[in-house]
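Results of the structural survey
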Amino acid sequence: MATPAPTPDADLKNFFGNQRQAAGEKKEGGFQENLNKRLQCPDCREDPPNLVEEFSSGDMVCGSCGLVLGDRIIDTRSEWRTFANDDQGNDDPSRVGDAMNPLLNGSQLETNIAFGEGMRARELHRAQNRAVSDKATKTLLAAYREISNLCEAISIPKTVQDSAKHIFKLTEDNRLFKGKPQEAVIAGCIFVACRQAKAPRTFREIYSLTKVSKKEIGRTFKSLEKFLQSNRDANVTGSFLMVDNYEATGTTGAAELCARYCNNLQFKNPHLMEKISKVLAEKSSSLKDLAGRSPLSIAAAAIYMASHLMGDPRTSREIAVIAGVSDGTIRTAYRHMFPSREDLIEPDWLAPKGTGRMDQLPPN
C-alpha cells in the first residue's frame, strides 16, 4: 500500500515544532543552578569548606591554610554606617552630605535653589534665600574669602590660611573685637597664624598687604595673643589647626627672616646660603653697634655678607628690594659687621674645607 507523500506545509510545521521543543529543553537546562557544586580549597579539601570572605581586601580565603581562592569579591552587606561616637557635636551625619567643616556653624546640610530663567524661578530663588539666610555664616564666609585672597597674594601655605580662619572664628564666637573694623582683625589673624607656623611676616609686610596701619595691627596682635593664651581650651579638640596649643612668641628675629629672603634671591645653593646667613644673623645680635637695629636690616646685611663670602654675590640694591629696607640701611649694618668678620665667619666655611674666601668680602 503506497503512503501519501508529505506536503511542504507539513514539513515546515514539523521543523518549527522540533526547534521549539529543543529551545525549551535548552532553556530549562541553562538557567537552573547546580546546587551540587561547592567551592573547596584544593590544598585542604575540607568538607564542609572553611572559607572566609575578607571584604576589606575583596578576597575569598581559606580559613585553615590561608590560600586565596578568589579576588574582587563584591561586598553585599549594607553600607549604612553611623559616626555618632566620633562626632564632637553628638550629631549623626550618617552617610549623607560632606564632612563637617569646623570653620562653620550649624548642621551645614541645606538645599539651595539655583537662579533660573523666568519670573517664577527668580521669585522662588529670592524667597528661599530670605528663608534660610544666616547673617553670621555669610560674615564668616566673606572673611574666609578675604583671608584666602590676601594669603595667596604673598604665597602663604594653606595650613597657615586655615589657622588664620580658625583664629578669626574664635574671635567672632567670643565677640572679642565688636565694633573694630574687620580688615584690622583679619590682618591680626594672619600675623598671629604666620608666627605660630614659624613663618613670620613683619608688620611692614602685613601693612603693605592689608593697608591697615602698623599701629592698629600691633594693637590687634596684643589683644589676640592675650585672648589665645587665656582660652586654649576653647579650641577644637584634635583639630588640624595650629592654635590648639598656643604659645606666646617674642619679636621676630633676623635669623627667621633669612630663609624666605634667600629663596626669593634665587641663589645657586639657597640651602647653604640660608644656613650661613642664619648663623651670621644670630652672631650679629651680640654686636654692640647693631643693638636696637631692625631685624630686617640685620638679616639683609647677613645675606649680603654670606653671598659675597661664598662667591655668589648679590648687590645691596637687589637685597633691599626683597627685604623691604633701603640700600643705605643694609650698607650701614654691613659696615658694623665687617670689622668683626673674623669672629662671625666660621673656619669650616673657608677653603680648603669650604668654598668661601675672606678676600671676596667688600670693605663696605
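For the structure, check the block above.
Quantities reported herein were computed from a predicted structural model and do not represent experimental measurements. (Residues numbered from 1 in each chain as written. Predicted model: local features only at pLDDT ≥ 70, side-chain atom pairs only at ≥ 80, totals over all residues. Heavy atoms only, no water.)

1. Description of the overall build of the chain
What counts, and what does not: Working definition: helices are DSSP H or I runs of at least four residues, strands are E runs of at least two. Numbering for both runs from the N terminus. Any residue under 20% of the maximum accessible area for its type is buried, any over 50% is exposed, and the rest in between are partly exposed; the area is computed with a 1.4 Å probe on protein chains only. Working definition of accessibility: Shrake-Rupley area with a 1.4 Å probe, residue cover restricted to the visible protein chains.
Counting secondary structure elements, the chain contains 13 helices and three strands. Of all 364 residues assigned to the chain, the portion counted as buried reaches 34%. Carbon together with sulfur atoms contributes 50% to the accessible area of the chain, which is approximately 23600 Å² in total.

2. What to know about helix 10 (residues 295-309)
Stated precisely, the cut-off is as follows: Here the expected length of a helix is defined as 1.5 Å per residue gap, with one fewer gap than residues.
Relative to the 21 Å expected for 15 residues at 1.5 Å per residue, helix 10 spans 21 Å between its end C-alpha atoms, a close match to the ideal helical length. For helix 10, the buried fraction is high: 14 of the 15 residues fall into the buried class. Downstream of helix 10 by one or two residues, glycine 311 has phi in the positive range, about 80°.

3. Things to note about the pattern of salt bridges
Short version of the rule: The term salt bridge refers to a side-chain nitrogen of Lys or Arg lying within 4 Å of a carboxyl oxygen of Asp or Glu.
The final tally for this structure, using the stated rule, is 11 salt bridges. We note a salt bridge from lysine 278 to glutamate 274, for which the minimum N-O separation is 3.3 Å. Taken together, the positions of lysine 278 and glutamate 274, both in helix 9 (residues 270-284) and four residues apart, correspond to about one turn of that helix. Relative accessible area serves as the criterion here: at 18%, glutamate 274 is assigned to the buried category. Ionic pairing is found between lysine 283 and glutamate 346, a salt bridge with its closest N-O pair at 3.6 Å. One end of the pair, lysine 283, is in helix 9; the other, glutamate 346, is in the segment after helix 13 (341-344), with 63 residues separating them in the sequence. Under the relative-accessibility criterion, lysine 283 is labelled partly exposed at 28%. Three or more residues are tied together by salt bridges with common partners; here these are Lys180, Glu216 and Arg219.

4. Comments concerning the pairing of strand 3 (residues 68-71)
Each regular strand displays side chains that alternate between the two surfaces of the sheet. Threshold: One requirement defines pairing of two strands: DSSP has to find at least two bridges between them.
Of the strand pairs in this sheet, strand 2 (residues 59-62) and strand 3 are connected by three bridges, and their pairing is antiparallel. By the bridge assignment, aspartate 59 is partnered in strand 3 with aspartate 71. Hairpin connection of strand 2 to strand 3: five residues between the antiparallel strands, including glycine 66 at a positive phi of 85°.

5. Overview of the sheet that holds strand 1 (residues 51-54)
Let me state the cut-off plainly: Working convention: axes come from line fits to C-alpha atoms, limited for helices to the stretch in contact. Angles between N-to-C directions cover 0 to 180 degrees.
Read from one edge of the open sheet, three strands run 1-2-3, paired in antiparallel fashion. Edge positions in the sheet fall to strand 1 and strand 3, since each of these pairs with one other strand and no more. Ignoring which end each strand starts from, the neighbouring axes of this sheet average 20° apart.

6. A short note on helix 4 (residues 158-174)
Rules: Every residue pair with non-hydrogen atoms within 4.5 Å of one another is taken to be in contact.
In this model, helix 4 (17 residues) spans 25 Å end to end at C-alpha, consistent with the 24 Å of a helix rising 1.5 Å per residue. Counting buried residues along helix 4, 12 of its 17 residues qualify, which places the element largely inside the surrounding structure. Buried within helix 4 we find Val160, Gln161, Asp162, Ser163, Ala164, Lys165, His166, Ile167, Phe168, Lys169, Leu170 and Thr171. Of the surrounding secondary structure, the elements contacted by the buried residues of helix 4 are helix 3 (135-153), helix 5 (182-196) and helix 7 (214-230). Remark: arginine 175 follows helix 4 within two positions and exhibits a positive phi of approximately 50°.

7. Structural notes on the packing of helix 9 against helix 10
Stated formally: In these notes the angle categories are as follows: under 35 degrees is roughly parallel, over 145 is roughly antiparallel, 65 to 115 is roughly perpendicular, and the rest is oblique. Helix crossings are classified by the rotation of the near helix relative to the far one: an anticlockwise turn of less than a right angle makes the crossing left-handed, while a clockwise turn makes it right-handed. Polarity classes work like this: nonpolar for Ala, Val, Leu, Ile, Met, Phe, Trp, Tyr, Cys and Pro, charged for Asp, Glu, Lys and Arg, and polar for all others, with Gly in that last group.
In the contact formed by helix 9 and helix 10, the axes pass within 8 Å of each other and the chain directions differ by 130°. Considering their axes alone, helix 9 and helix 10 lie oblique with respect to each other. Like other packed secondary-structure pairs, helix 9 and helix 10 cross with a definite hand, here right-handed. Judged by residue contacts, Met273, Ile276, Ser277, Leu280, Ala281 and Ser284 of helix 9 engage Ile298, Ala302, Ile303, Met305, Ala306 and Ser307 from helix 10. Residue composition of the contact of helix 9 with helix 10, grouped by class: nine nonpolar, three polar and no charged.

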